[in-house]
Amino acid sequence: MIKKEISKIFRDMADLLEVKGDNPFRIRAYRRASQSVEGISSDVSKMTEKELVSIPGIGKDLAGKIKEYSETGKIGAWEDLKRDVPEGIIDIISIPGVGPRTAKLIFDELGISTLEGLESALEKGRLRGIGHIKDKTEQNILKGIKLIKKGRERVSIGLALPLAEGIVRYLKEEPYVDQISVAGSIRRWKESVKDIDILVTSDEPSKVMHRFVSMAGVSDIIAKGSTKSSVYMNDGIQVDLRVVDDACFGAALQYFTGSKEHNVRLRELAVKKKLKINEYGVFDAKTEKFLGGRNEEDIYKVLDLKYVEPELRENTGEIVASAEGTLPKLIEVKDIKGDLHVHSDWSDGGHSIEDIAMAASRRGYKYIALTDHSKGLGIANGLTEERILAQIKEIDKVNKQMNDFTVLKGLEVDIRSDLTLDIRDEVLSRLDIVVASIHSGFGQSKEKITKRLISAMENPYVDVIAHPTGRLIGKRDAYEVDMDEVLKAAKRTGAVIEINAFPARLDLNDIHTKEAKKLGVKLAISTDTHIEDHFDYMKYGVAVARRGWLEKKDVINTKSAKALIDHLKKKRKD
DNA sequence: GCCGTTTTCGGCCCGACTGTTTTCAGTCG
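Calculation notes
- Residues numbered from 1 in each chain as written.
- Chains lettered and ligands numbered in written order.
- Predicted model: local features only at pLDDT ≥ 70, side-chain atom pairs only at ≥ 80, totals over all residues.
- Heavy atoms only, no water.
- Salt bridge = Lys/Arg side-chain N within 4 Å of Asp/Glu carboxyl O.
- Helix = DSSP H or I, 4+ residues; strand = E, 2+ residues; numbered from the N terminus.
- Buried < 20%, exposed > 50% of the residue type's maximum accessible area, 1.4 Å probe, protein only.
- Near = heavy atom within 4 Å.
- Polar contact = N/O pair within 3.5 Å; in protein donor to acceptor, adjacent residues only side chain to side chain.
- Nonpolar A, V, L, I, M, F, W, Y, C, P; charged D, E, K, R; others polar.
- 1 Å grid on protein atoms, 1.4 Å probe; cavity = no way out; pocket = protein on both sides within 12 Å on 5 of 7 lines; lining within 4 Å.
- Points joined across faces, edges and corners; volume = space filled by probe spheres on them.
- Contact = heavy atoms within 4.5 Å.
- Core = buried A, V, L, I, M, F, W, Y, C linked by side-chain atoms within 4.5 Å.

Chemist: What is the right way to read the pattern of salt bridges from this model?
Modeler: Pairing is possible between side chains of opposite charge, provided their charged atoms come close. Overall, the coordinates contain 48 salt bridges when judged by the stated rule. Between E18 and R31 there is a salt bridge, and its shortest N-O distance comes to 2.8 Å. With E18 in helix α1 (residues 2-20) and R31 in helix α2 (residues 24-38), this residue pair connects regions lying 13 residues apart in the sequence. Between D61 and K65 there is a salt bridge, and its shortest N-O distance comes to 2.6 Å. With D61 and K65 both in helix α4 (residues 60-72) and 4 residues apart, this pair spans about one turn of that helix. A relative accessible area of 49% means that D61 is categorised as partly exposed. Three or more residues are tied together by salt bridges with common partners; here these are R188, E314, D510 and R547.

Chemist: In this structure, what is going on with the protein's contact with DNA strand B? I would like to understand it.
Modeler: Neighbouring DNA strand B are 48 residues, the closest being G59, G97, T102, Y255 and R267. The contact atoms of DNA strand B, taken as those within 4 Å of the protein, divide so that sugar and phosphate hold 77%. Within the backbone of S226, a nitrogen or oxygen atom sits 3.1 Å from a phosphate oxygen of DNA strand B. Between DNA strand B and the protein, one listed contact pairs a phosphate oxygen with a side-chain N or O atom of E268 at 3.1 Å. Every element with two or more residues in the surface near DNA strand B is listed here: α2, α4, α7 (100-110), α9 (135-150), β5 (218-224), β7 (238-244), α14 (260-272) and β8 (275-278). Residue classes in the surface near DNA strand B are distributed as 15 nonpolar, 14 polar and 19 charged.

Chemist: Mind showing me how you'd approach empty space enclosed by the protein here?
Modeler: Take a probe with the size of a water molecule and roll it over the atoms, and the empty space left behind shows itself. One pass over the full model with this rule turns up 1 cavity of 30 Å³ or more. Lining the largest cavity we find W189, E191, L506, N509, D510, V544 and R547. Of the residues assigned to the lining of the largest cavity, the class counts are 3 nonpolar, 1 polar and 3 charged.

Chemist: What exactly am I supposed to notice about the side chain of S374 here?
Modeler: When you line up the elements, S374 lands in the loop between β12 (367-370) and α18 (385-401). Engagement of the side chain of S374 in a polar contact is seen with the backbone nitrogen of D414, the distance being 3.0 Å. Aside from chain neighbours lying at most four places away, what touches S374 is G382, L383, L411, E412, V413, D414, D422 and I423.

Chemist: Whenever I open this one, the side chain of T257 confuses me. Can you help?
Modeler: Inspection of the secondary structure assignment puts T257 in helix α13 (residues 249-257). One polar contact links T257 to R187, side chain to side chain, over a distance of 2.8 Å. Setting aside its immediate chain neighbours within four residues, T257 contacts A183, G184, S185, R187, R188, E296, P310 and R313.

Chemist: Please clarify how the nonpolar core should be interpreted in this entry.
Modeler: Generally speaking, nonpolar side chains in soluble globular proteins are found buried as a group. Grouped together as the largest cluster of nonpolar side chains are 90 residues, with contacts concentrated most on I198 and I497. Ranked by residue count, the leading element in this core is helix α10 (residues 157-172), at 7 residues. If we skip the residues at most four places from it in the chain, I497 touches M457, V464, I465, P468, V486, L487, A490, L508, V521, K522, L523 and A524. Residues I9, I55, I58 and I66 belong to the second largest nonpolar core, which totals 43 residues.

By themselves these figures say nothing about function.
The structure is reproduced here in structure tokens:
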């Protein structure tokens, strides 16, 4: 993943430049570029200079550095910089509470440039008295190092959201808590988050603060002020709480929802209009007159912008679209009429066909596609051709008992390492819907894996590609796959790409989803349900779709069962 | 280092909390 490497180099360069005391705006430019590069869906190494420069935050100079890395595997300026400032200092800056100034101080005075070196110096008391460092700072740095060693990884939204909702419920129990909302990257539904942000309005902020820092599960209080507090929870996740007045709830919610880049853009627009935006509202820059902020909409309105949904606030084109009135009408959970990736106890699911169908019907769905594994996945009790035919009969029986609900006959067929499917076409042709996916040979080359997916799509009976990159967030990286080529092939063949809503998968991800839409590829949002509760994961899949700018019409399981079947039949004919 | 219906040069978002230098720098989001 060359773009990840380049993105990291730019980020690291920003850190080292900061330690050097370089121009802060130059540093910001590197950070911005790092983010931009990471967000690109196509292969940076294949892009021309002209294409590179069209990326926001990439100018001539940085385009040159990207080219240099693509061609030589190195960036001269980065190598030079590392000679000036040791790379290990990046680890030191990553300690909470230690920034570039402190890191530089420690390096200049003691020559320390590694975490281990810093820890042993601290234990020997060598930092005491250097610059601003006294005993309290010393303790804080030690605490920070321990925290890093514990591994402050990003937490998946599937873990963070329930935790955040729990804290909201706990705070809400008190009458002095008026309005309350989760903010930050959770409200934007990012697939993984670094911390939890919560916003409260109250007439008695100090009481709120006290209740917050004394809740169960708090391991450490980072800061406790009159309007803002931060704590670490036992599992290492940080939670920030802000209390504001009712009159500025909207402004604060907008501000704390971010992203930072989105907000910076808004404030730049505000400056041009002789306005000032902060977490307390929109103000006239000169007279300081309050112009709005009770509702989030106020902020956008005053800038002549249409309201931007939180999931879109990443400074990836949403502000321009908002100004032009071309924002998408984002898909919602209630638009979903059925789930197209569901397992039963015929393979590795936990319920009978009838029970899982009833569960889906209770949730208001009109259909599910039963997509048990095929025989290639022996460990999951995958179905042989004979069992598939038997299952078809069983589904017919269940459908007769159901009211206003259809179980579609489906299969999650295995794409084998040799490009073939493990179930014969004659059997596939008997099914309503065939979902194909890779469960083996993850280590194959990018070319090979890409070919496997494309050849599966070229089979007339394959309708959907499930979890197309195979990643498990925090556990297993995506296999190497040329997603550009896969999406183009999807467009060409009419195959649908799945957004797997399982919180550990979220695969397709948001960036590729946006790319798929641009190419006109249709998507399905499915939960990969194995037990009934997994149906509740649909919201995470819809969130990915919303972050990918999808509308109802882009997603096939917003159709009625009949319209869906008609849509799928078209591919088989073509 | 990027960027331009005010600019190709001169800008580049804004505020809270901590520790400690009694007026503010450093860090964070």
